Amino acid sequence: MNKTPFIRQEDVDNGTYPRDWWVVDAEGQTLGRLATKIAMLLRGKHKPIYAAHTDLGDFVVVVNADKIRVTGRKEEQKMYYHHTGYPGGLKSFRLSEMRERKPEALITRAVKGMLAKNALNRHYLRRLKVYTGAEHPHTAQQPKTLSI
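Attention here is on the structure that accompanies the text. (Residues numbered from 1 in each chain as written. Predicted model: local features only at pLDDT ≥ 70, side-chain atom pairs only at ≥ 80, totals over all residues. Heavy atoms only, no water.)

1. Looking at helix α2 (residues 31-43)
Okay, so step 1: The end-to-end C-alpha distance of α2, which contains 13 residues, comes to 18 Å, matching closely the 18 Å that a straight helix rising 1.5 Å per residue would cover.
Okay, so step 2: For α2, the full list of buried residues reads L31, L34, A35, I38, A39, L41, L42 and R43.
Okay, so step 3: Where α2 is buried, its residues touch β1 (21-25), β2 (59-63), β3 (79-83), α5 (103-114), α6 (121-126) and β5 (128-130).
Okay, so step 4: Just downstream of α2, G44 is the residue with a positive phi angle, here 90°. (Helix = DSSP H or I, 4+ residues; strand = E, 2+ residues; numbered from the N terminus. Expected span 1.5 Å × (residues − 1). Buried < 20%, exposed > 50% of the residue type's maximum accessible area, 1.4 Å probe, protein only. Contact = heavy atoms within 4.5 Å.)

Okay, structure coming up:
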């Protein structure tokens, strides 16, 4: 009789279950659809040994974040909000303004919104690396290319 292995976080941390590196090209990709795929890789749901209580996810490197695509009129209508913590400190930005200022934040915020709101969320987001250009400093890790 085969038993299902119980995956512990110690087994992941000591290298028994290694983490892969993935490169995703965001050029021409739809923001929400790309974010769901990235969130799945960060959580490790694509692995057959997935367990919700452990952090089995991989590293994801996103390039060309400034060339992401959105559908409809989201470029003018979608708003992002940030509160400074002071009275009257609510700041709002349109998606077009956010794309000019910080295009990496578009993908990071979309992926963060699709991750579970629990203690592992912070660990998942540490493994997400987003870059505006086509170059990234993670070639030494020999990342695999994810085709979407």
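2. Let's talk about a positive patch on the surface
Okay, so step 1: Side chains of R101, K102, R109, K112 and K117 sit close together on the surface and give a patch of like positive charge.
Okay, so step 2: Within the secondary structure, R109 is located in helix α5.
Okay, so step 3: The exposure class of R109 is partly exposed, given its relative accessible area of 35%. (Patch = residues over 30% accessible without salt bridge, like charges linked within 9 Å, V, L, I, M, F, W, Y side chains within 5 Å. Areas by Shrake-Rupley, 256 points an atom, 1.4 Å probe, with all protein chains shown as cover. Salt bridge = Lys/Arg side-chain N within 4 Å of Asp/Glu carboxyl O. Lys, Arg positive; Asp, Glu negative; His and termini not counted. Charge placed at Lys NZ, Arg CZ, Asp CG, Glu CD.)

3. Quick notes on the nonpolar core
Okay, so step 1: Counting residues in each nonpolar core, the largest one holds 28 residues, and the members touching the most others are I38, V60, V62, I107, V111 and L128.
Okay, so step 2: For this core, the secondary structure elements donating two or more residues are β1, α2, β2, α4 (95-101), α5 and β5.
Okay, so step 3: The element that contributes the greatest number of residues to this core is α2, accounting for 7 residues.
Okay, so step 4: Counting 5 residues, the second-largest nonpolar core is a separate cluster that includes V23, F59, V61 and V63. (Core = buried A, V, L, I, M, F, W, Y, C linked by side-chain atoms within 4.5 Å.)

4. Digging into the packing of aromatic side chains
The geometry of an aromatic ring pair is captured by the separation of the ring centres together with the interplanar angle, meaning the angle of the planes.
Okay, so step 1: Going through the model one piece at a time under the given rule, you end up with 1 aromatic pair.
Okay, so step 2: On the numbers, 4.2 Å between centres and 5° between planes, the contact of W21 with F59 is stacked. Pair noted here: W21 is in strand β1 and F59 is in strand β2, with a separation of 38 residues, a long-range link.
Okay, so step 3: A relative accessible area of 14% means that W21 is categorised as buried.
Okay, so step 4: Just above the ring of Y80 sits the side chain of K78; from NZ or CZ to the centre is 5.2 Å. (Phe/Tyr/Trp six-rings, centres within 6.5 Å; stacked < 30°, edge-to-face > 60°. Lys NZ or Arg CZ within 6 Å of the ring centre and 35° of its normal.)

5. Things to note about unusual backbone geometry
Okay, so step 1: In this model, N64 sits at a positive phi of 60°, which is unusual for a non-glycine residue.
Okay, so step 2: Position of N64 among the secondary structure elements: in the loop between β2 and α3 (74-77).
Okay, so step 3: According to the relative accessible area criterion, N64 is buried, its value standing at 5%.
Okay, so step 4: In this structure, Q142 takes a positive phi of about 50° despite not being glycine.
Okay, so step 5: Mapped onto the elements, Q142 comes out in the loop between β5 and β6 (144-145).

6. Remarks on the sheet that holds β6
Okay, so step 1: Taking strand neighbours across the sheet as the criterion, the 4 strands line up as β5-β2-β1-β6 in an open arrangement whose pairing is parallel. This sheet does not close on itself; its edge strands, each paired only once, are β5 and β6.
Okay, so step 2: In this sheet, β6 lies alongside β1 in parallel orientation, the contact comprising 2 bridges. Bridge assignment links W22 to a residue of β6, and that residue is K144. (Pairing = 2+ DSSP bridges.)

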